[in-house]
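Observations on the three-dimensional arrangement
Chain by chain, the residues:
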Amino acid sequence: MLLAEFNQADRADAEAALRPCLDIQRWIDEVVDARPFGSVAELQSAAAGAAQPFTADEVEAALAHHPRIGERAAGSSAEARFSQKEQQSLGEADAETMAALAAGNVEYEKKFGQVFLIRAAGRSKPEILAALQERLGHTPEQEEPIIQEQLRQIALLRLEGVISE
């Protein structure tokens, strides 16, 4: 969608454009309400500002839509297609790395009660595995701001793919 189209879209269409980026209604409302934007940079700035901070409930709701790292997102929704593309960009990994990611995902979920979230774009599976292993050593209090930052990064990257000049 072009920025001009987003600026002029009715509320329902503007919300629908943003939802695959980050399915947090407060964030969507703040971005839609800030229209019109003079540039994509202004849109990105407003979206980044609306993404700070997230509440624990917002993070929990958003994470419900994210598949485990190394697993393919189910369905054909725009959000699933984003996730599939992001995971494909990770490239291939050996069986040992894939097994370690799968085991790490389970361990993370047991420890933190939610899926491991990381911005996959620009990272390899071994890099993600290293981050997962490091983050398993965190306390919930240490992990919370990292999860929020990863969620923000994912939302802003997806927004780049949704709205352009």
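Above: the structure in question.
Described in the following lines is the structure provided in the data block. This one's a predicted model, so the numbers in the text were calculated from it and none came from an experiment. (Residues numbered from 1 in each chain as written. Predicted model: local features only at pLDDT ≥ 70, side-chain atom pairs only at ≥ 80, totals over all residues. Heavy atoms only, no water.)

This part covers helix α7 (residues 95–112). Compared with an ideal rise of 1.5 Å per residue, which puts 18 residues at 26 Å, α7 spans 25 Å between its outermost C-alpha atoms and is within 8% of the ideal. Looking only at α7, the buried set comprises Thr-97, Leu-101, Gly-104, Asn-105, Tyr-108 and Phe-112. The buried residues of α7 all sit within an arc of 110° when viewed along its axis, so they share a single face. Projecting away from the buried face of α7 at angles above 90 degrees are the exposed residues Ala-95, Glu-96 and Lys-110. As for α7, its buried residues are in contact with α8 (125–135) and α9 (140–162). Put simply, Asp-94 is the residue that caps the front of α7, since its side-chain oxygen is 3.1 Å from the backbone nitrogen of Glu-96. Once α7 ends, the next one or two residues include Gly-113, with phi positive near 75°. (Helix = DSSP H or I, 4+ residues; strand = E, 2+ residues; numbered from the N terminus. Expected span 1.5 Å × (residues − 1). Buried < 20%, exposed > 50% of the residue type's maximum accessible area, 1.4 Å probe, protein only. Arc of directions from axis to C-beta. Contact = heavy atoms within 4.5 Å. Polar contact = N/O pair within 3.5 Å; in protein donor to acceptor, adjacent residues only side chain to side chain.)

Okay, the packing of helix α5 (residues 56–63) against α9 next. Contact geometry for α5 and α9: axes closest at 11 Å, N-to-C directions at 55°. The angle between α5 and α9 falls in the class oblique. Considering only the axes of α5 and α9, their crossing is left-handed. Across from Val-59, Ala-62 and Leu-63 in α5, the residues of α9 making contact are Ile-147, Gln-148 and Leu-151. Considered class by class, the residues forming the contact of α5 with α9 number 5 nonpolar, 1 polar and no charged. (Axes fitted to C-alpha atoms, helices over the stretch in contact; angles between N-to-C directions. Parallel < 35°, antiparallel > 145°, perpendicular 65-115°, else oblique. Left-handed = near helix turned anticlockwise from the far one by under 90°. Nonpolar A, V, L, I, M, F, W, Y, C, P; charged D, E, K, R; others polar.)

With the rule as written, the count across this model stands at 3 aromatic pairs. Ring geometry for Phe-6 against Phe-37: centres 6.5 Å apart, planes inclined by 15°, an arrangement best described as stacked. Taken as a pair, Phe-6 in helix α1 (residues 3–8) and Phe-37 in the loop between α3 (25–33) and α4 (40–50) lie far apart in primary sequence, 31 residues in all. You'll find Phe-6 and Phe-37 in the same group, each marked buried. With centroids separated by 4.5 Å and ring planes inclined at 45°, the aromatic side chains of Tyr-108 and Phe-112 adopt a geometry described as tilted. Separated by 4 residues within a single helix, Tyr-108 and Phe-112 lie in helix α7, roughly one turn from each other. (Phe/Tyr/Trp six-rings, centres within 6.5 Å; stacked < 30°, edge-to-face > 60°.)

Turning to the pattern of salt bridges, a few remarks are in order. Think of it this way: side chains of opposite charge can pair up when their charged atoms draw near. Overall, the coordinates contain 9 salt bridges when judged by the stated rule. We note a salt bridge from Asp-29 to Arg-11, for which the minimum N-O separation is 3.2 Å. Placement of Asp-29 in helix α3 and of Arg-11 in helix α2 (residues 11–18) is noted, with a sequence separation of 18 residues between them. On the basis of relative accessibility, which here comes to 23%, the residue Asp-29 falls in the partly exposed class. Between Arg-19 and Glu-15 there is a salt bridge, with the nearest N and O atoms lying 3.7 Å from each other. Judged by its relative accessible area of 15%, Glu-15 falls in the buried class. Residues joined by salt bridges that share partners form a network here, namely Arg-11, Glu-15, Arg-19, Asp-23, Asp-29 and Asp-33. (Salt bridge = Lys/Arg side-chain N within 4 Å of Asp/Glu carboxyl O.)

It is worth stressing that arrangement in space is one thing and function is another; only the former is reported here.
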